[in-house]
Amino acid sequence: MFSRILWFDQDVGNDTVAETPEPAAVAAPPVEPAPEVRPATPIPRRPRSRILAFEQQPASQGEIYTEHFGLTTRPFALTPDPDFLYWPQSHQRAYTMLEYGIRANSPITLITGEVGAGKTTLLLHLIRSLGPEIKVGLISNPHGSRAELLRWVLHALDQPADLNESYVDLFSRFQNFLLSEYAAGRSVVLIFDEAQNLSAEALEELRMFININSGKDEVLQLVLIGQPELRDLVSRPNMRQFAQRVAASYHLTAMDLKTVRGYIPHRLKVAGAQKRIITGPAVDLIHQVTRGVPRLVNQLCDLALVYAFTRGKRTVTPAIVQQVLDDGVFFSANAARHSETLNDA
């Protein structure tokens with residue numbers, strides 16, 4: 001299948017080097033060039049990466065099909081990119097809660113959603129929109145003991161946190177930093193991505209952090225982004241003190257069919273598409289397989305574009321999407337089916 005993509009002309013870029021004649025000495029008389037002798041069996045030559053590196057490439061290796069479809073970049077890359085952000089109602093509401101939580105100085109803002117629902121993309125868009133009056137500390141996938149958690153926080157705020165320092169020293173530095181930022185007219189927001197990995201003890205420690213205040217004003221706000229397990233953890237009876245400090249929350253769901261029908265053309269248009277590349281029936285099949293989870297939609301669309309490119313097709317049809325599924329290269333679908341089988345057993 002990938003022979004079209006990975007094939008190299010072994011003679012391209014090599015003949016120039018191989019046939020460059022040696023310069024003759026000044027005093028030597030002209031001589032007839034010796035006839036070229038070729039072996040009976042041609043010796044295969046590897047393409048020289050040194051020469052290929054100087055050739056103008058239409059797209060990087062990760063964007064092998066962009067020129068074929070008239071795109072400027074890959075429309076369905078898996079890395080979160082706020083430039084491609086699509087705004088269905090669910091994402092609008094989630095973002096509104098995020099922004100409200102920060103602008104209203106909510107002690108804790110809680111945003112949850114399934115894996116790949118687009119939480120991190122919303123978060124990056126939020127961070128990019130905040131002004132210098134807000135100091136943001138982003139902690140991804142936090143874990144560890146109380147002292148380790150505090151070190152994560154200090155590092156996120158560009159503060160020193162040596163391993164040989166005691167918890168008292170670390171907390172004192174943290175408190176002084178919060179108060180100095182408040183005195184300078186800035187608020188501090190700590191954002192925990194993948195916060196479902198925090199233990200109940202760690203969440204209780206975070207609740208103690210927000211007890212640092214300057215009279216009536218909050219000097220620290222927490223934003224917790226995580227999978228549905230985070231909401232389950234906060235809802236436990238022993239976490240009611242923490243839950244009472246949650247002033248803004250939202251659970252982000254997967255996209256319905258109508259949303260996917262807008263989502264896919266939107267990303268293609270942002271990537272430079274001038275015409276329909278993925279047909280309507282193909283979009284419907286993609287939604288059926290992925291159940292509207294944005295990350296899975298991106299994966300399947302990306303693979304379908306690769307398959308269409310290797311066939312020389314300018315549009316993705318249901319047959320191409322089905323071929324991707326039949327070949328088993330869309331691993332996420334197979335993993336989901338396996339998980340469902342285990343749950344039904």
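Look up a bit, the structure's there.
**A short note on helix α12 (residues 280-290)**
Okay, step 1: Among the residues of α12, A282, V283, L285, I286, H287 and T290 are the ones counted as buried.
Okay, step 2: Along its buried surface, α12 packs onto α11 (257-270), α13 (294-310) and α14 (318-326).
Okay, step 3: Downstream of α12 by a residue or two, R291 has a phi angle that is positive, lying close to 60 degrees.

**Regarding the packing of aromatic side chains**
Okay, step 1: Tallied over the full model, the rule gives seven aromatic pairs.
Okay, step 2: Residues Y65 and F69 carry aromatic rings whose centres are separated by 6.0 Å and whose planes lie at 75 degrees to one another, so their mutual orientation is edge-to-face.
Okay, step 3: Using a relative accessible area of 8% as the deciding quantity, one classes F69 as buried.
Okay, step 4: The structure contains a cluster of three or more aromatic residues connected by ring pairs, namely Y167, F171, F174 and F209.

**Quick notes on the packing of α11 against α12**
Okay, step 1: Following both chains from N to C, one finds α11 and α12 inclined at 120 degrees, their axes separated by 10 Å at the closest point. Between α11 and α12, the angle is such that the two are oblique. Here α11 and α12 pass one another in a crossing that is right-handed. Contacts between α11 and α12 involve L257, V260, R261 and I264 from the first element and V283, D284, I286 and H287 from the second.

Thresholds, definitions, all that
- Residues numbered from 1 in each chain as written.
- Predicted model: local features only at pLDDT ≥ 70, side-chain atom pairs only at ≥ 80, totals over all residues.
- Heavy atoms only, no water.
- Buried < 20%, exposed > 50% of the residue type's maximum accessible area, 1.4 Å probe, protein only.
- Helix = DSSP H or I, 4+ residues; strand = E, 2+ residues; numbered from the N terminus.
- Contact = heavy atoms within 4.5 Å.
- Phe/Tyr/Trp six-rings, centres within 6.5 Å; stacked < 30°, edge-to-face > 60°.
- Axes fitted to C-alpha atoms, helices over the stretch in contact; angles between N-to-C directions.
- Parallel < 35°, antiparallel > 145°, perpendicular 65-115°, else oblique.
- Left-handed = near helix turned anticlockwise from the far one by under 90°.

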